[in-house]
Amino acid sequence: MGVQVQKVGTKSFAGQKPGTSGLRKRVPEFQQEHYTENFVQAVLDGGLGSKKKGSTLVVGGDGRFLCKEAVNAIIQISAANGLSRLVVGQDGFLSTPAVSSLIRNLKVDGGIILTASHNPGGPKGDFGIKFNCDNGGPAPDHITDAIYKITTEISSYSICRDVVVDTGVIGHYEFDIEGSGKFVVDVIDSVEDYVELMKSIFDFPAIREYIKSGSGGSELRVLIDSMHGATGPYVSTIFNDLLGCNGSDLLRTVPKPDFGGCHPDPNLTYAKDLVDRLKVGEVDMGAAFDGDGDRNMILGKNAFFVCPSDSLAVIANHIQCIPYFKNRNVVGFARSMPTAAAVDLVAKKKGLQAYETPTGWKYFGNLMDDGRIALCGEESFGTGSIHIREKDGIWALLAWLQILSVQKKSVETIVREHWAEYGRNVFTRYDYENVESGGANLLMTFLEASVNASKGKELSANGVTYKVALTDNFEYTDPVDGSIAKKQGLRVIFEDGSRLVFRLSGTGSAGATIRLYVDSYVSPDDKTKLNASAQDLLRPLVLIALDLCKMEQFTGRKAPTVIT
Ligand code: G16
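Residues numbered from 1 in each chain as written. Predicted model: local features only at pLDDT ≥ 70, side-chain atom pairs only at ≥ 80, totals over all residues. Heavy atoms only, no water.

Draft legend 1. Fine view of the site of the ligand. Taken together, 19 residues are adjacent to the ligand, and T20, E378, R503, S505 and T507 come closest. Between K391 and the ligand, the recorded distance is 2.8 Å, taken from a side-chain N or O atom to an oxygen atom. Contact distances for the ligand include 2.6 Å between an oxygen atom and a side-chain N or O atom of R503. Computed on the free molecule, the ligand has an accessible area of 460 Å², of which 100% lies beneath the protein chains in the complex. Judged by the fraction of its atoms near the pocket grid, the ligand is located in the largest cavity. Residue classes in the shell around the ligand are distributed as one nonpolar, 10 polar and eight charged. (Near = heavy atom within 4 Å. Polar contact = N/O pair within 3.5 Å; in protein donor to acceptor, adjacent residues only side chain to side chain. Areas by Shrake-Rupley, 256 points an atom, 1.4 Å probe, with all protein chains shown as cover. 1 Å grid on protein atoms, 1.4 Å probe; cavity = no way out; pocket = protein on both sides within 12 Å on 5 of 7 lines; lining within 4 Å. Sits in = over half its atoms within 2 Å of the grid points. Nonpolar A, V, L, I, M, F, W, Y, C, P; charged D, E, K, R; others polar.)

Structure representation (structure tokens):
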């Protein structure tokens, strides 16, 4: 007799709507009875649809608090729903890029990723569940909408509580399920597949040689901060074992359920220790990755900050340094709308196509699948390529190292030379985190009206005047399937091409986060401005933006939580 399937009565929970990248909530919310099970059932029904019975998924997460419990729930609910196989990372652990790679390499039907990305973890921190499709990428809107609809109507879920797998032990586990037959769980090494992929993309011997003697004949020191997130084991294997970096230069490589109490977001605020160590000037380069390993921050010597928009443009400009692209037909690049347009200038010069999509990696999926782009990136520290369908932190660092190994120049020199050739897209983002939702929504409603009213007007601050050329709420029509995403951010575009963008984040777990993006272009002929501080260059536009949205009046906030 097979393992029994139990049908459990439940009630729907409000607010299980996937955001920019999956459902992210505080841990106690997920710990409510039936909460996680409801959502997993909805993911299987809405994500797999008629393919559900007999399908195979990859399952893993970034090791944060609740991951193991959620993996067990997914195993038991999948067994009861007639799936035929799950491929699970050992201990339920896989970085987000590793899940995407496995889905593609194994040619399975999709995956479930347990992560709240860069959000803090631990018993009071954040947790998240995200469904990825068979292309390895985050589910597009029509699928997340279907999942959400099911969460609002659900009245029961199916579960096999007697399917018990020790995910700590690599192996093949088989069960006979009542009514559907064989169900398999393969617990696999979490690191192997991803490392092989990286070895097939980059010239590891050349990078290793450059690390050994690239810095004027002596070793190139790279300080890497995994922030106790998912990249740790991958970083140790790739950078220590295979590329010869000093073990002591690899920081916080042990994944922890609460990220050691830190906020695993690789930016100048939350990776401050790394920044401070780079400032001393003894290390040539630095990099940090987020909780689930898809975000990256790149720093040069003396903590020279590479703005993510520039990082994408530099990699695009030097794409032929990366062996993977040498024999591929590169026809375009993409960036999200709030990301500064540096990559567009590279595309233009090379005669390639540039795409502008809404915020969310899922919007790059069709462009990649359709062969329209080779690289894409976002201001939110996301850089990636068509090797998978997620952004990829370690890939970005390897891309930089490969470029350095060919160019034999420092990070800072490469960026400054880029500005001298293309001009500089100066960029900053102000985040107002955990703002009371009511105030944030009022601000956005008020702002939409004042943004519209500003059309054609001159706005000034600190003696600098900008004339508004265009205002809108960004709308995107996917060129591949024609789907439309509306209201993706309020934009004020000035006559000189400078931009202000305002939007509410879709990745917070409580309250609201207001994001204000400021972007301005300095021509390569303006030598003084080209090397001035970004803060000084953008100050007038920041003041104009804060006045336009009446930030303090609506939110009571005098300053942002994070500036990147
Ligand atoms: C996710 C998405 C990104 C997006 C970022 C911020 O990243 O995959 O595409 O740019 O959230 O989104 P928002 O501005 O809506 O908070 P991650 O690293 O959190 O998965």
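Read on, since the account is not over.
Draft legend 2. Representation of the pairing of strand β5 (residues 111-114) within the structure. Because side chains alternate across β5, one face comprises the buried residues G111 and I113, and the other comprises I112 and L114, equally buried. In terms of strand pairing, β5 meets strand β6 (residues 126-132) through four bridges, oriented antiparallel. Looking at the pairing, I112 lines up with F131 of β6. (Buried < 20%, exposed > 50% of the residue type's maximum accessible area, 1.4 Å probe, protein only. Helix = DSSP H or I, 4+ residues; strand = E, 2+ residues; numbered from the N terminus. Pairing = 2+ DSSP bridges.)

Draft legend 3. Main features of the pairing of strand β4 (residues 85-93). Pairing of strand β3 (residues 56-61) with β4 involves five bridges; the strand directions are parallel. Of the residues in β4, the one forming a bridge with G61 is F93. Tracing the backbone out of β3, into helix α3 (residues 67-80) and back to the parallel element β4 gives a crossover that is right-handed. Both β4 and strand β9 (residues 181-188) contribute to a ladder of five bridges, which runs parallel. Bridge pairing in β9 links G89 to I188. (Right-handed = clockwise from strand over helix to strand, strands pointing away.)

Draft legend 4. How the structure looks around the sheet that holds β4. Taken in spatial order, the seven strands of this open sheet run β2-β6-β5-β3-β4-β9-β8, and their pairing is mixed. Strand pairing shows two members of the sheet lacking a second neighbour, β2 (23-26) and β8 (171-177), which therefore form its edges. Neighbour to neighbour, the strand axes of the sheet diverge by 15 degrees on average, direction disregarded. With four bridges joining them, β3 and β5 adopt parallel strand pairing. Across the sheet, the residue bridging to G60 is I113, located in β5. (Axes fitted to C-alpha atoms, helices over the stretch in contact; angles between N-to-C directions.)

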